[in-house]
Amino acid sequence: VNIIAIGSAYFINIVIMMFIMFYASTVIEEVAGEKGTRMMEVILSSTTATTHFFGKLIGVFLVMLVHILFYIVIGTGAFMYFRDHEIITSVLGDIDIGAVIVDFLQFSWMFLLVGVLMYMFIAAFFGSLITKTEDINRAATPLSLVVVLGFYIGLFAMAQPENIVVVVSSFIPFLTPFVMPFRIATNTVSTLHVWLSIGGSVLFTV
């Protein structure tokens, strides 16, 4: 059961990093690419900058949800196809892998959505500071460093989930989406602390 939960935490961690790296760079390019163009002048003549800003973020977020839905459909299909396979049943025995994964994903999907949304807003902020499209990679660098830091702390959390660095990092909004899934998988955090970390990330995003 622990192996399945930790494997799911690995998967969530990798997916969060992949989504953030891909969609954050997309947001930075979208926001920075339109600055100073005639297209932007036309758009802002009929709507406000705030409406345009949030509309762009919502559009990217909906694309991300379709991306997530695709993985859910593929994953569910693979699970339904292989769950009764002789090799799978002999390895897992009487363990209900579906119940274990669903129990783990009870909170992890929240960290995925909140984490990606939070980094998208930060990416949009960095994109709005750029005056030239040539500076896009430079603006994305600080974000990439934080994402990589969170990813490696998350991996470290698997080995030492009660280490003080891991515990503190699991409540820092930038790092929570990467670290907390491993603490959940290793049963070293209470439900109250999980909700506190989610609430802190949501408040920080807002």
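Residues numbered from 1 in each chain as written. Predicted model: local features only at pLDDT ≥ 70, side-chain atom pairs only at ≥ 80, totals over all residues. Heavy atoms only, no water.

1. Some words on the overall build of the protein
The helix and strand inventory of the protein stands at 9 helices and 0 strands. Scored against the burial criterion, the 206 residues of the protein give a buried share of 38%. The contacts of the protein with a sequence gap of at least 6 include a subset with a gap of at least 24, amounting to 79%. A total accessible area of about 11700 Å² is found for the protein, and carbon and sulfur atoms account for 71% of it. (Helix = DSSP H or I, 4+ residues; strand = E, 2+ residues; numbered from the N terminus. Buried < 20%, exposed > 50% of the residue type's maximum accessible area, 1.4 Å probe, protein only. Contact = heavy atoms within 4.5 Å. Areas by Shrake-Rupley, 256 points an atom, 1.4 Å probe, with all protein chains shown as cover.)

2. Some remarks on helix α9 (residues 191-205)
The first and last C-alpha atoms of α9 sit 21 Å apart over 15 residues, in line with the 21 Å expected at 1.5 Å per residue. Turning to α9, its buried residues number three or more, namely Val194, Ser197, Ile198, Ser201 and Thr205. Buried residues of α9 fall within an arc of 95 degrees about the axis and therefore sit on the same side. Pointing more than 90 degrees away from the buried face of α9 are the exposed residues Leu192, Leu196 and Leu203. (Expected span 1.5 Å × (residues − 1). Arc of directions from axis to C-beta.)

3. What about the nonpolar core?
One finds Ile20 and Val27 to be the most contacted residues of the largest nonpolar core, which totals 32 residues. The leading source of residues in this core is helix α1 (residues 2-33), at 11 residues. Residues contacting Val27, with those up to four places away along its chain left out, are Leu57, Val60, Met120, Ala123 and Ala124. (Core = buried A, V, L, I, M, F, W, Y, C linked by side-chain atoms within 4.5 Å.)

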